Amino acid sequence: MNWKSLQPYLLVTPQTLIFLVFLVFPILLIGVVSFWGFNGYAMVPGFTWDNYIGVFTSEVALKIYLNTFRYVGLVWVCSLAIAFPVAYFLAFHIDSLRWKVILFLVCTIPFWTSNIIRNIAWVPLLGKEGLVNQILQSLHLTQQPLEFLLYSDFAVVLGLVYLYTFFMIAPIFNSLMRIDRNLITAARDMGASGFQVLKEVILPLAAPGIAIGSIFVTTLVMGEFVTVRLMGGGQSASIGKLISTQIGSLQYPLAAANAVILLAVTLVMVAAILQVVDIRQEL
Amino acid sequence: MRNRPLSFYFLAAFFGLFLLFLYGPLITIFILSLQGPDGALTFPVRSFGFHWLGQVFQEQRVGNFVEPFQRSLLLGLGVMGLAILVSVPAAIAFRNRFRGSRIIFYLTIASLIVPSVLVSLGIGVMFQVLGWETNWFSSGLGAHLTWTVPFAFLIMIGVFNRFNPSYEEAARDLGASDFTTFYEIVLPLIAPSLVGVGILGFTLSYDEFTRTSLISGQDNTLPLEIFGMTTNVTSPALYALGTLTTVFSFAMIGAAFWGYQFFAKRQRE
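Residues numbered from 1 in each chain as written. Chains lettered and ligands numbered in written order. Predicted model: local features only at pLDDT ≥ 70, side-chain atom pairs only at ≥ 80, totals over all residues. Heavy atoms only, no water.

### Quick notes on the overall build of chain A
Note the cut-off: Secondary structure counts use DSSP, requiring at least four H or I residues in a row for a helix and at least two E residues in a row for a strand, with both numbered from the N terminus. We call a residue buried when its accessible area falls under 20% of the maximum for its residue type, exposed when it is over 50%, and partly exposed in between, using a 1.4 Å probe and counting protein chains only. Should any heavy atoms of two residues lie within 4.5 Å, those residues are counted as being in contact. For the area figures, the Shrake-Rupley method with a 1.4 Å probe applies, and any residue is considered shielded solely by the protein chains shown. The sign given to each residue is positive for Lys and Arg and negative for Asp and Glu; His and the chain ends receive no count. Where a charge lies is defined by one atom per residue type, namely NZ (Lys), CZ (Arg), CG (Asp) and CD (Glu).
The number of helices and strands found in chain A is 13 helices and 2 strands. Counting only C-alpha atoms, chain A reaches 80 × 70 × 30 Å along its principal axes. Here chain A holds 283 residues, and the buried ones make up 54% of them. Expressed as a percentage of contacts within chain A between residues at least 6 apart in sequence, the contacts between residues at least 24 apart total 68%. Here chain A displays about 13200 Å² of accessible surface, and carbon together with sulfur accounts for 69% of that area. Charge centroids of chain A, computed over 14 positive and 12 negative side chains, lie 6 Å from each other.

Here is the structure:
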């Protein structure tokens, strides 16, 4: 091996080391620990299937998994329904590149701020004495304050959509910006209606962006527990919250088993998305 | 004005509503944090003032924000420096294809999409098994890197994609070594992007919660302190703190764009 062919490997070593130490090794360790025992206050090295059996035979755990899938599905649908029109508007209806970029940045700025603050910010709006209820009551649309607005599944989904729609907008906007405008002109010249252009030309070309956004939204929601805690109050549950609760009571092996299942389910979802759409052209 | 189709107005209205959705809640807590001493957690606002903003800096019954802020600041700076130090060489390596580059690329993406609770749990378990103590500057730092380095790396790949190699080739033709070429030619050219990447990395770290939540050790970072506050603070001081850190984040993002443009402009001259 001469210096030139060794060079790229030396250059990627520091970054790769960080991922090996703080990502790959910890996750492998989770896999190992998920087979360990638990004696009530600490984990005991060993080999047992008890943790997995515990998860799969627990009705509560099953319900929590189903509830998490429900969150993923709802958040995915809502964020796509918001992100596509927004990205489409920026890409096709704003003419100057400068304004496209400025408006896109306006959409992204809140993403760089604290998730916790962004969740808390909904409380004075949605609470029992919140602004939404005050307005609804003063307009006599409702007699009593609507209780489902905060500390409910509705609030959790709203919070998650609020936090993660950015991850849908950015890749879809990127895909739409790459579409050759001549294709659209050609389709129109051949008599395609606006809807046909959207369905036959734009959507297929935007599919990789939608897929990347879907991967981000799915994986982010799968592991989420902050929003579920802050917006869901006591009742709402997700796998992430379950894991964090188990860690809170030091049940590391059980948390690890749940984490392994969570990772496996997430990977299956990502693989399923990649089966439907080929994203390689975007990378 | 040219004639716009109906769909333009429809989508423009939709976009406007989206911006309201995006900024409405933030504006709400800004307003509620600017109340007088008789302020409450909900509307209506009885009087305006800076009472609650001042409260944040006072000694608190439920926590102290100055020290967590200092920790988050230090941590953010460390993460920023490390992210740049490792992602720039890696992105340079990716200018040419090499065996295994694909795996390393996927590893980076994996770091972004692995459910964040796994990173926290994994590092926590690792420190537990090795018998180390978790701390914001050790385990916390590692967790932050798994989130910020991929962003820095992906942005730097984008930067190098648009990078004109002819300057480097000229330098090499004149006999400059690889190191000299990097130091004298490449580094000044990518400096504006480094400012941007650095500050964005800083804000990502400054606001990070999930990955750090289980492994920060005894001393909280600012987002963890705020999270603790949500359960036991029932005064607008909570909103005031939220407003202050959000304003700080906005200032940082502004600084990132300003810094990028400042250096880019100086380069053109």
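### With respect to the overall build of chain B
When helices and strands are tallied, chain B shows 10 helices and 0 strands. For chain B, the succession of helices and strands along the chain, N to C, is α-α-α-α-α-α-α-α-α-α. The dimensions of chain B, computed from C-alpha atoms along their principal axes, are 70 × 70 × 35 Å. Looking at chain B as a whole, 52% of its 269 residues qualify as buried. Across chain B, contacts joining residues at least 24 apart in sequence account for 71% of those joining residues at least 6 apart. Carbon and sulfur atoms make up 63% of the accessible area of chain B, which amounts to about 13000 Å² in all. Within chain B, the 14 negative side-chain charges are centred at a point lying 13 Å from the centre of the 15 positive side-chain charges.

### Concerning the pattern of salt bridges
Note the threshold: The term salt bridge refers to a pairing of a side-chain nitrogen on Lys or Arg with a carboxyl oxygen on Asp or Glu at a separation within 4 Å.
Within the structure shown, the criterion is met by 6 salt bridges over all chains. Three or more residues are tied together by salt bridges with common partners; here these are E67, R71 and D219 of chain B.

### Focus on the interface of chain A and chain B
The cut-off we apply is this: Each of two parts loses accessible area, computed with a 1.4 Å probe, when they are put together; buried area is these two losses added. By the criterion applied in these results, polar contacts are pairs of N or O atoms within 3.5 Å in which, for protein atoms, one can donate a hydrogen and the other can accept it, and in which residues neighboring in sequence qualify only through two side-chain atoms. Any residue outside Ala, Val, Leu, Ile, Met, Phe, Trp, Tyr, Cys, Pro, Asp, Glu, Lys and Arg is labelled polar, Gly included; the first ten of those are nonpolar and the last four are charged.
Every contact between the two is made by 83 residues of chain A and, on the other side, 85 residues of chain B. In total, about 7300 Å² of surface goes out of reach between chain A and chain B, with carbon and sulfur atoms giving 82% of it. For chain A, the biggest contributors to the area lost against chain B are Q15, F22 and W112 of chain A; these three give 11% of the whole. Our enumeration of links across chain A and chain B arrives at 0 salt bridges. Linking chain A with chain B are 5 residue pairs in polar contact (both at pLDDT 80 or more), by the criterion used here. With 22 residues, the single largest contributor to the side of chain A that touches chain B is helix α1 (residues 3–33) of chain A. A class-by-class count of the residues in the side of chain A that touches chain B yields 64 nonpolar, 13 polar and 6 charged.

### What about the side chain of S216 of chain B?
Its place among the elements puts S216 of chain B in the loop between α8 (178–206) and α9 (222–232). Residues in contact with S216 of chain B, not counting those within four places in the same chain, are T134, N135, W136 and L224 of chain B.

### Re the packing of aromatic side chains
Note the cut-off: Stacked, tilted and edge-to-face are the three classes applied to pairs of Phe, Tyr and Trp rings, where Trp contributes its six-membered ring and a pair requires centres within 6.5 Å; stacked means planes under 30 degrees apart, edge-to-face means over 60, and tilted covers the rest. Ring-over charges, as used throughout, are those where CZ of Arg or NZ of Lys falls within 6 Å of the ring centre and within 35 degrees of the ring normal.
Inspection of every chain in the model, using the stated rule, returns 40 aromatic pairs over all chains. When the ring of W49 of chain A is compared with that of Y52 of chain A, the centres are 6.1 Å apart and the planes differ by 55 degrees; the resulting orientation is tilted. Of the residues examined, Y52 of chain A reaches a relative accessible area of 10% and is grouped as buried. A connected cluster of aromatic rings, assembled from ring pairs, spans F111, Y164, F166, F167 and F216 of chain A together with W147 and F151 of chain B. Looking at R118 of chain A, its charged tip hangs above the ring of Y162 of chain A, at a distance of 4.7 Å from the centre.

### Examining the environment of S96 of chain A
Residue and element names in this part refer to chain A. By the secondary structure assignment, S96 is in the loop between α3 (59–93) and α4 (97–108). Along the chain, S96 and L131 lie 35 residues apart, while their C-alpha atoms are 37 Å from each other. Side-chain polar atoms of S96 contact the backbone nitrogen of W99, separated by 3.1 Å.

### What about helix α5 (residues 116–130) of chain B?
Stated precisely, the cut-off is as follows: The span one expects for a helix is its residue count, reduced by one, times 1.5 Å.
Between its terminal C-alpha atoms α5 of chain B stretches 21 Å, which fits the 21 Å expected from 15 residues at 1.5 Å a residue. Within α5 of chain B, 12 of the 15 residues are buried, leaving the element largely enclosed by the surrounding structure. Among the residues making up α5 of chain B, those that are buried are S116, V117, L118, V119, S120, L121, G122, I123, G124, V125, M126 and F127 of chain B. Of the surrounding elements, those touching the buried residues of α5 of chain B are α1, β2 (43–44), α12 (239–248) and α13 (252–276) of chain A together with α6 (139–161) of chain B. Where α5 of chain B ends, the next residue or the one after it, G131 of chain B, has phi of about 75 degrees, a positive value.

### Brief notes about the confidence of the model for chain A
Which entries qualify depends on this criterion: Confidence per residue, as judged by the predictor, is encoded in pLDDT with a range of 0 to 100.
Mean pLDDT over chain A: 88, with 98% of residues reaching 70 or higher. Mean pLDDT values for the elements of chain A range from 80 in β2 of chain A up to 93 in α3 of chain A.

### Points about the side chain of T181 of chain B
Residues and elements named next belong to chain B. Mapped onto the elements, T181 comes out in helix α8. Within the structure, T181 has its side chain in polar contact with the backbone oxygen of S177 (distance 2.6 Å). Ignoring anything within four residues of it in the chain, the contact list for T181 reads E168, A171, R172, A176 and V186.

### Quick word on α9 of chain B
Taken residue by residue, α9 of chain B has L222, P223, L224, E225, I226, F227 and M229 of chain B as its buried positions. For α9 of chain B, the secondary structure elements touched by its buried residues are α5 (115–120) and α11 (226–232) of chain A together with α3 (66–93), α8 and α10 (237–268) of chain B.

### Here's the deal with the packing of α3 of chain B against α6 of chain B
Residue and element names in this part refer to chain B. Our working rule: Here the axes come from fitting lines to C-alpha atoms, over the contacting stretch only for helices, and the angles between their N-to-C directions go from 0 to 180 degrees. The cut-offs work like this: below 35 degrees is roughly parallel, past 145 is roughly antiparallel, 65 to 115 is roughly perpendicular, and the gaps in between are oblique. Each crossing is labelled by how the near helix is turned from the far one, with a counterclockwise turn of less than a right angle marking it left-handed and a clockwise turn marking it right-handed.
Interhelical geometry of α3 versus α6 gives an angle of 45 degrees and a closest axis separation of 8 Å. Compared by their axis directions, α3 and α6 come out oblique. As for the relative orientation of α3 and α6, their crossing is right-handed in sense. Residues L75, G78, V79, L82, A83, V86, S87, V88, A90, A91 and I92 of α3 form the contact with α6, whose own contacting residues are L141, H144, L145, T148, V149, A152, F153, M156, I157 and F160.

### A look at the environment of G124 of chain B
Residues and elements named next belong to chain B. Relative to the elements of secondary structure, G124 occurs in helix α5. What makes G124 buried here is its relative accessible area of 9%. Sequence separation between G124 and P89 is 35 residues, and the spatial gap between their C-alpha atoms is 29 Å.

### Topic: the state of the cysteines
Residues and elements named next belong to chain A. Cut-off, in case you're wondering: Disulfide: a pair of cysteine sulfur atoms within 2.5 Å of each other.
With the rule as written, the count across this model stands at 0 disulfides over all chains. Between C78, a cysteine without a disulfide, and C107, which holds the nearest cysteine sulfur, the sulfur-to-sulfur distance is 17 Å. Take C78: its relative accessible area is 31%, and that puts it in the partly exposed class. Classification of C107 as buried rests on a relative accessible area of 4%.

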